[in-house]
Amino acid sequence: MVVFLIIAGIIVFLSIILIGIFNKIVKNKNTVKDGWSNIDVALKRRYDLIPNLVETVKGYASHEKETLEAVIQARNAAMAVPSDDINQQIQAENQIQKTLRSIFALSEAYPDLKANTNFLQLQDKLNEIEENLERSRRYYNGTVRENNTYGESFPAVMVAGMFNYQHFDYFETEPESRENVKVSFT
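1. Some points on unusual backbone geometry
Link 1 in the chain: Cis geometry is adopted by the peptide bond preceding Pro-155, which originates at Phe-154 and carries an omega value of 10°.
Link 2 in the chain: Mapping Pro-155 onto the fold places it in the loop between helix H5 (117–151) and helix H6 (156–159).
Link 3 in the chain: The backbone phi angle of Asn-164 is positive, close to 60°, even though this residue is not glycine.
Link 4 in the chain: With respect to the secondary-structure elements, Asn-164 resides in the segment after H6.

Next up, the structure:
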């Protein structure tokens, strides 16, 4: 009888530990998805703003067709990524960020565009969205860090596969986006 009680106690103890690990994995995954949803809202606002920005720039820099088309292509590609594929969405957003930088580099070369009130309003709105995205990315990356650390730490790592643990990528800028944009009119 004592052996049965000891075995039952061990089973109950291990069950409590497994339930705790499962609940923490679920909590972390949901927190990461909540962080991503904040980014997703800001990205939707950015997607809506990009066509207006491109149309404004077109009037002043019509011969910069390739740059403008690259922005629209990056936007369309990002919108085509399934909403539940966070890691692929991050890559698409890095591409949009890169193409948007080239639009603002164009404004430096066109003083009339730089002084256009519509362009300035769109640029201010985009800057506001980018600041919101920056805050959301920091929050998201914090939740990803917590999720990934827990899922890769002992004892969770031993049972994470059974509980459908998901590793998420950080939302980081690509190395080339840290470089200055070069605009050449040759």
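2. Here we look at the side chain of Gln-89
Link 1 in the chain: Within the fold, Gln-89 resides in helix H3 (residues 86–109).
Link 2 in the chain: Setting aside residues up to four positions removed in sequence, Gln-89 forms contacts with Trp-36, Leu-43, Tyr-47, Ala-78, Val-81 and Pro-82.

3. A few points about the packing of H3 against H5
Link 1 in the chain: Interhelical geometry of H3 versus H5 gives an angle of 150° and a closest axis separation of 13 Å. With respect to their mutual orientation, H3 and H5 come out roughly antiparallel. Regarding H3 and H5, the two cross each other, and that crossing is left-handed. Only Phe-119, Gln-123, Leu-126, Glu-130, Arg-137 and Tyr-140 of H5 make contact with H3, whose side of the interface consists of Ile-86, Ile-90, Gln-97, Leu-100, Phe-104 and Ser-107.

4. Structural notes on the packing of helix H2 (residues 65–80) against H3
Packed helices, taken two at a time, are described by their axes: the angle between them and the distance between them.
Link 1 in the chain: Between H2 and H3, the shortest axis-to-axis distance is 9 Å and the interhelical angle comes to 160°. Relative to H3, the element H2 is oriented roughly antiparallel. Along this stretch, H2 crosses H3, giving a crossing that reads as left-handed. Along the contact surface, H2 presents Thr-67, Leu-68, Ala-70, Val-71, Ala-74, Arg-75 and Ala-78, while H3 presents Gln-89, Ala-92, Glu-93, Gln-95, Ile-96, Thr-99, Leu-100, Ser-102, Ile-103 and Leu-106.

5. Focus: the packing of aromatic side chains
Link 1 in the chain: Scanning all chains against the criterion turns up three aromatic pairs.
Link 2 in the chain: A ring pair is formed by Phe-22 and Phe-163, whose centres lie 5.2 Å apart and whose planes are at 70°; its orientation type is edge-to-face. Residue Phe-22 is found in helix H1 (residues 2–60), and its partner Phe-163 is found in the segment after H6; the two are separated by 141 residues along the sequence.
Link 3 in the chain: One aromatic cluster in this structure is built from Trp-36, Tyr-140 and Phe-171.
Link 4 in the chain: Sitting above the plane of the Tyr-150 ring, Lys-24 keeps its charged end 5.7 Å from the centroid.
Link 5 in the chain: Cation over ring: Arg-137 sits above Phe-171, and NZ or CZ is 4.4 Å from the ring centre.

6. Concerning the nonpolar core
Link 1 in the chain: Of all hydrophobic cores here, the largest spans 35 residues; its most connected members are Trp-36, Leu-53 and Tyr-140.
Link 2 in the chain: Sorting the residues of this core by element identifies H1, H2, H3 and H5 as the ones contributing at least two each.
Link 3 in the chain: Looking at this core element by element, the count peaks at 11 residues for H1.
Link 4 in the chain: When near neighbours in sequence (up to four residues on either side) are disregarded, Trp-36 contacts Leu-43, Ser-83, Ile-86, Gln-89, Ile-90, Tyr-140 and Phe-171.
Link 5 in the chain: Residues Ile-21, Ile-25, Ala-156 and Tyr-165 belong to the second largest nonpolar core, which totals seven residues.

Scoring rules and cut-offs
Residues numbered from 1 in each chain as written. Predicted model: local features only at pLDDT ≥ 70, side-chain atom pairs only at ≥ 80, totals over all residues. Heavy atoms only, no water. Helix = DSSP H or I, 4+ residues; strand = E, 2+ residues; numbered from the N terminus. Contact = heavy atoms within 4.5 Å. Axes fitted to C-alpha atoms, helices over the stretch in contact; angles between N-to-C directions. Parallel < 35°, antiparallel > 145°, perpendicular 65-115°, else oblique. Left-handed = near helix turned anticlockwise from the far one by under 90°. Phe/Tyr/Trp six-rings, centres within 6.5 Å; stacked < 30°, edge-to-face > 60°. Lys NZ or Arg CZ within 6 Å of the ring centre and 35° of its normal. Core = buried A, V, L, I, M, F, W, Y, C linked by side-chain atoms within 4.5 Å. Buried < 20%, exposed > 50% of the residue type's maximum accessible area, 1.4 Å probe, protein only.

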